[in-house]
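One-letter residues, chain by chain:
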Amino acid sequence: MSAMMKAAVFVEPGRIELTDKRIPEVGPNDALVRITTTTICGTDVHILKGEYPVAKGLTVGHEPVGVIEKLGSAVQGYAEGQRVIAGAICPTFTSYPSQDGVPSQDGSYLIPSGRCGCHGYKATAGWRFGNMIDGTQAEYVLVPDAQANLAPIPDGLTDEQVLMCPDIMSTGFKGAENANIRIGDTVVVFAQGPIGLCATAGARLMGATTVIAVDGNDHRLEIARKLGADVTLNFKTCDVVDEVMKLTGGRGVDASIEALGLQSTFESALRVLKPGGTLSSLGVYSSDLTIPLDAFGAGLGDHKINTALCPGGKERMRRLMNVVESGRIDLGLLVTHHYALDNIVDAYDLFANQRDGVLKVAIKPN
């Protein structure tokens, strides 16, 4: 194995480049995974634009599908050559935040460097790949705390079928879980990008009997119907708030899921929510949010607003792959384009500018 590998790195706002980097050394609790497929996420586009800060020279990407190349001496229960995924979120699971039920916010590994207090709580720090450590848009990635974070891929599932599990599926489903959905609920999902589509599918699986999907792209709305939406609304051709209130007889929805990260979608998600309902927020916001006083009931409407960073860990990944293996949903249809790692700059241009009906791009090193 060569000592060097190709990797896509953040250079400066507006610029990600493919370069050569050294293949990481494997510590006792790590695993080196040879990437067979990865993808580009909307959060990577925020990084590209400089809207989410990361260190210059960091390898980007956080959605790994691959094969174990080398195992650390302390990692048990896995074998080199085994096909695996790892969640975009890689907590230690021995930390205070993890044992407190918020492993996605685990920054305990940053304590020795002084970047986190002795308690280990740090917002978003469970997200390591392409954020705090080198990520997955490369030929190899080093998976920390591998025994807790590697999940074997069931026989018979392709890379494309499980590619959504590390982030997109986990995030979208968390949006549905955080929405406190009950059997018989009416749920609206604002934005039908990959995460919103997974939230739509998750709302159906959670027991919602009326799922309303909102987007400005008719093709995405068609896919939303395939994944469980009962009603689709194109915000370019109707007043979505008025339509949702009509559909619910003026009551409002039991839960709304915001999956884009804009003031307009957040506000609409709140305006269609019944008193006592839950707004589940998944968007990555790049500016301050304003809460409209009337929609918020002056703070007296018993509304719940839940935010989330997708769960990680091998058990979360196992459950998501169970859903895929069962045939309940097919998220392989979200993979609309394929690119070689050598052409990843072109793939970013396509994805960031949302051309050619792109949803997700499968990136393959070879």
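Figured I'd write up the structure that's included with this text. (Residues numbered from 1 in each chain as written. Predicted model: local features only at pLDDT ≥ 70, side-chain atom pairs only at ≥ 80, totals over all residues. Heavy atoms only, no water.)

1. A few points about the packing of aromatic side chains
Across all of its chains, the model carries 2 aromatic pairs by this definition. Ring geometry for Tyr52 versus Trp127: centroids 5.0 Å apart, planes at 40 degrees, classification tilted. Pair noted here: Tyr52 is in the loop between helix H1 (42-48) and strand S4 (65-71) and Trp127 is in the loop between helix H2 (96-99) and strand S6 (140-143), with a separation of 75 residues, a long-range link. Given a relative accessible area of 19%, Tyr52 falls into the buried group. With a relative accessible area of 6%, Trp127 lands in the buried category. Between Phe266 and Tyr285, the aromatic rings sit 6.2 Å apart at their centres with planes inclined by 90 degrees, giving edge-to-face as the arrangement. Linking Phe266 in helix H9 (residues 263-271) with Tyr285 in the loop between strand S12 (273-281) and strand S13 (304-307), this pair joins segments that are 19 residues apart in sequence. For Tyr285, a relative accessible area of 24% translates into the label partly exposed. Arg128 extends its terminal NZ or CZ atom over the ring of Tyr109, reaching a point 4.1 Å from the ring centre. (Phe/Tyr/Trp six-rings, centres within 6.5 Å; stacked < 30°, edge-to-face > 60°. Helix = DSSP H or I, 4+ residues; strand = E, 2+ residues; numbered from the N terminus. Buried < 20%, exposed > 50% of the residue type's maximum accessible area, 1.4 Å probe, protein only. Lys NZ or Arg CZ within 6 Å of the ring centre and 35° of its normal.)

2. Focus: the layout of surface pockets
Quantified by volume, the second largest pocket comes out at close to 210 Å³. Looking at the second largest pocket, it is lined by 13 residues, and the ones nearest its centre are Gly101, Val102, Pro103, Ser104 and Lys174. Split into classes, the residues belonging to the lining of the second largest pocket amount to 6 nonpolar, 6 polar and 1 charged. (1 Å grid on protein atoms, 1.4 Å probe; cavity = no way out; pocket = protein on both sides within 12 Å on 5 of 7 lines; lining within 4 Å. Points joined across faces, edges and corners; volume = space filled by probe spheres on them. Nonpolar A, V, L, I, M, F, W, Y, C, P; charged D, E, K, R; others polar.)

3. Topic: the nonpolar core
Counting residues in each nonpolar core, the largest one holds 47 residues, and the members touching the most others are Ile85, Cys165, Met169 and Leu334. Counting residues per element, this core draws most heavily on helix H6 (residues 194-206), which supplies 6 residues. With sequence-adjacent residues up to four places away left out, Leu334 is seen in contact with Met164, Pro194, Leu197, Cys198, Ile223, Leu227, Leu359 and Lys360. The next biggest cluster of nonpolar side chains, apart from the first, holds 23 residues, and it includes Ala8, Ile16, Ile47 and Leu341. (Core = buried A, V, L, I, M, F, W, Y, C linked by side-chain atoms within 4.5 Å. Contact = heavy atoms within 4.5 Å.)

4. Re the sheet that holds strand S11 (residues 253-258)
Overall, parallel pairing links the 6 strands, which are arranged S10-S9-S8-S11-S12-S13 in an open sheet. At either end of the open sheet lies a strand with only one pairing partner, and these are strand S10 (231-234) and S13. Direction aside, neighbouring strands of the sheet carry axes that sit 15 degrees apart on average. Relative to S11, strand S8 (residues 186-190) runs parallel, the two sharing 4 bridges. The residue bridging Val187 from the neighbouring strand is Ala255, located in S11. Along the sheet face, helix H8 (residues 240-247) touches S8, strand S9 (210-215), S10 and S11 and points at about 155 degrees away from the line of S10. (Pairing = 2+ DSSP bridges. Axes fitted to C-alpha atoms, helices over the stretch in contact; angles between N-to-C directions.)

5. With respect to helix H10 (residues 314-326)
With 13 residues, H10 extends 18 Å between its outermost C-alpha atoms, agreeing within 8% with the 18 Å of an ideal straight helix rising 1.5 Å per residue. Turning to H10, its buried residues are Arg316, Met317, Leu320, Met321, Val323 and Val324. Each buried residue of H10 lies within a common arc of 150 degrees when the element is viewed along its axis, so the set occupies one face. Tucked into the core, H10 has its buried residues touching strand S5 (83-86), strand S7 (150-152), helix H4 (159-162), helix H5 (165-178) and H6. Of the residues trailing H10, Gly327 is marked for its positive phi of about 85 degrees. (Expected span 1.5 Å × (residues − 1). Arc of directions from axis to C-beta.)

6. Details of the pairing of strand S2 (residues 15-22)
Relative to S2, strand S1 (residues 4-12) runs antiparallel, the two sharing 8 bridges. Within the sheet, the bridge partner assigned to Val9 lies in S2 and is Glu17. Here S1 folds back onto S2 in antiparallel fashion, the turn holding 2 residues, of which Gly14 has a positive phi close to 90 degrees.

7. Comments concerning the pattern of salt bridges
According to the stated counting rule, one finds 19 salt bridges in the structure shown. Between Arg128 and Asp145 there is a salt bridge, with the nearest N and O atoms lying 2.8 Å from each other. Taken together, the residues Arg128 in the loop between H2 and S6 and Asp145 in the loop between S6 and helix H3 (146-149) connect sequence positions 17 residues apart. Among the ionic pairs, Asp254 bridges to Lys274, the shortest N-O distance being 2.8 Å. Separated by 20 residues along the polypeptide, Asp254 in strand S11 and Lys274 in strand S12 bring together distant segments of the chain. When sorted by exposure, Asp254 lands in the same class as Lys274, which is buried. Shared partners join several salt bridges into a network, and the residues in it are Glu12, Arg15 and Glu17. (Salt bridge = Lys/Arg side-chain N within 4 Å of Asp/Glu carboxyl O.)

8. With respect to a nonpolar patch on the surface
On the surface, a cluster of nonpolar side chains totalling about 310 Å² of accessible area is made up of Tyr96, Val102 and Tyr121. Tracing the backbone through its elements, the reader meets Tyr96 in helix H2. (Patch = residues over 30% accessible without salt bridge, like charges linked within 9 Å, V, L, I, M, F, W, Y side chains within 5 Å. Areas by Shrake-Rupley, 256 points an atom, 1.4 Å probe, with all protein chains shown as cover.)

9. Concerning the state of the cysteines
Structurally, a disulfide amounts to a covalent bond that connects the sulfur atoms of two cysteines. Inspection of every chain in the model, using the stated rule, returns 0 disulfides. Here Cys90 stays unpaired: no disulfide links it, and the sulfur of Cys310, its closest cysteine neighbor, is 9.7 Å away. For Cys90, a relative accessible area of 1% translates into the label buried. Free cysteine: Cys310, not disulfide-bonded; nearest cysteine sulfur from Cys41 at 8.6 Å. (Disulfide = S-S within 2.5 Å.)

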